[in-house]
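# Coordinate inspection notes
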Amino acid sequence: AQSVAQPEDQVNVAEGNPLTVKCTYSVSGNPYLFWYVQYPNRGLQFLLKYITGDNLVKGSYGFEAEFNKSQTSFHLKKPSALVSDSALYFCAVRYSSASKIIFGSGTRLSIRP
Amino acid sequence: DTGVSQDPRHKITKRGQNVTFRCDPISEHNRLYWYRQTLGQGPEFLTYFQNEAQLEKSRLLSDRFSAERPKGSFSTLEIQRTEQGDSAMYLCASSGLGGADYGYTFGSGTRLTVV
């Protein structure tokens, strides 16, 4: 089945430290991968995407993600966390331009001052 | 264009009542999606339109749910005979026919509480 998994419900990081939020996807053709962020009582905001090309993609707010085909992963990273990065993060996948986006269950990122 | 608009932002209804939500997508986007998100979970796909055609419906969309996009612009999602299990955030998103290069633009959602 086409799906994406976020193995961590919560990630806690001290401000200024690097952060990683994990995501793996099921293998089915060539996936298009996305990260979205959700702040309380808000809709989802697009952060970044991987379609093809360089495995390291850069997105909004200093975030980046690395596509690893052999490990079927697309982990979200940031070199230095900010308290304002605290939010709910969703990894998502679609398998063609015509298909819907499928979301993971989300990871709550908490950055302590 | 200010993005995807959803109305109302919040809706409280009694069990058994009907409710209708509206979504106005970005004007040049011809694809429109509805998702449902319960607390602590990721959004679950409900249905999507390309222009006025409803191209896919999830098995989550029971017979009590119906969605329309009559002129290929705004869309409505109606839930008949609401149940407490329908309580959730209903998210609308839109995208262009640019294909795989783009994710979606989401609205802020309509939070439904069934009491």
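Look above for the structure.
Definitions and limits used
Each chain carries its own residue numbering, running from 1 in the written order of its sequence. Starting at A for chains and at 1 for ligands, labels are handed out in the order in which the entities are written. Since the coordinates come from a predicted model, pLDDT governs what is reported: local features require at least 70, and pairs of side-chain atoms require 80 or more to be given and counted, while whole-chain, interface and lining totals use all residues. The side-chain figures draw on all heavy atoms in the structure; neither hydrogens nor water molecules are used. When the sulfur atoms of two cysteines come within 2.5 Å, that pair is taken as a disulfide. Under the scheme used here, helices are H or I runs from DSSP no shorter than 4 residues and strands are E runs no shorter than 2 residues, and both carry numbers assigned from the N terminus. In this scheme, a residue with accessible area under 20% of its type's maximum is buried, one over 50% is exposed, and one in between is partly exposed, where area comes from a 1.4 Å probe on protein chains only. Any two strands between which DSSP finds at least two bridges are classified as paired. The pocket and cavity definitions rest on a 1 Å grid over protein atoms only: a 1.4 Å probe that fits but cannot leave marks a cavity, an open set with protein on both sides within 12 Å along at least five of seven lines marks a pocket, and residues lining either have an atom within 4 Å of a point. Grid points are joined across faces, edges and corners, and a volume is the space filled by probe spheres set on the points. The classification used treats Ala, Val, Leu, Ile, Met, Phe, Trp, Tyr, Cys and Pro as nonpolar, Asp, Glu, Lys and Arg as charged, and all other residues, Gly among them, as polar.

## A word on the state of the cysteines
Residue and element names in this part refer to chain A. The final tally for this structure, using the stated rule, is 2 disulfides over all chains. Here Cys23 is linked by a disulfide to Cys91, with a sulfur-sulfur distance of 1.9 Å. Across the S-S bond of Cys23 and Cys91 the torsion is about -65°, and the bridge reads as left-handed. Here Cys91 lies in strand β10 (residues 87-94) and Cys23 lies in the loop between β3 (19-21) and β4 (24-25), a separation of 68 residues in the sequence. For the residue pair Cys23 and Cys91, the accessibility class agrees, reading buried in each case.

## Regarding the pairing of β10(A)
Residues and elements named next belong to chain A. Summarising burial for β10: 8 of the 8 residues are buried, a large majority. Here 7 bridges tie strand β5 (residues 32-38) to β10, and the two strands are oriented antiparallel to one another. Bridge pairing in β10 places Gln38 opposite Leu88. One ladder, built from 3 bridges, connects β10 with strand β12 (residues 107-112); its direction is antiparallel. When the sheet's bridge partners are listed, Ala87 is paired in β12 with Leu109. When β10 meets strand β11 (residues 102-103), the two strands line up antiparallel, connected through 2 bridges.

## A closer look at empty space enclosed by the protein
Empty space left among the atoms is revealed by rolling a probe the size of a water molecule over them. A full pass over the atoms with the stated rule returns 1 cavity of 30 Å³ or more. Estimated volume of the largest cavity: approximately 30 Å³. Taken together, A:Asn41, B:Arg9, B:His10, B:Met89, B:Ser108 and B:Arg111 make up the lining of the largest cavity. A class-by-class count of the residues in the lining of the largest cavity yields 1 nonpolar, 3 polar and 2 charged.

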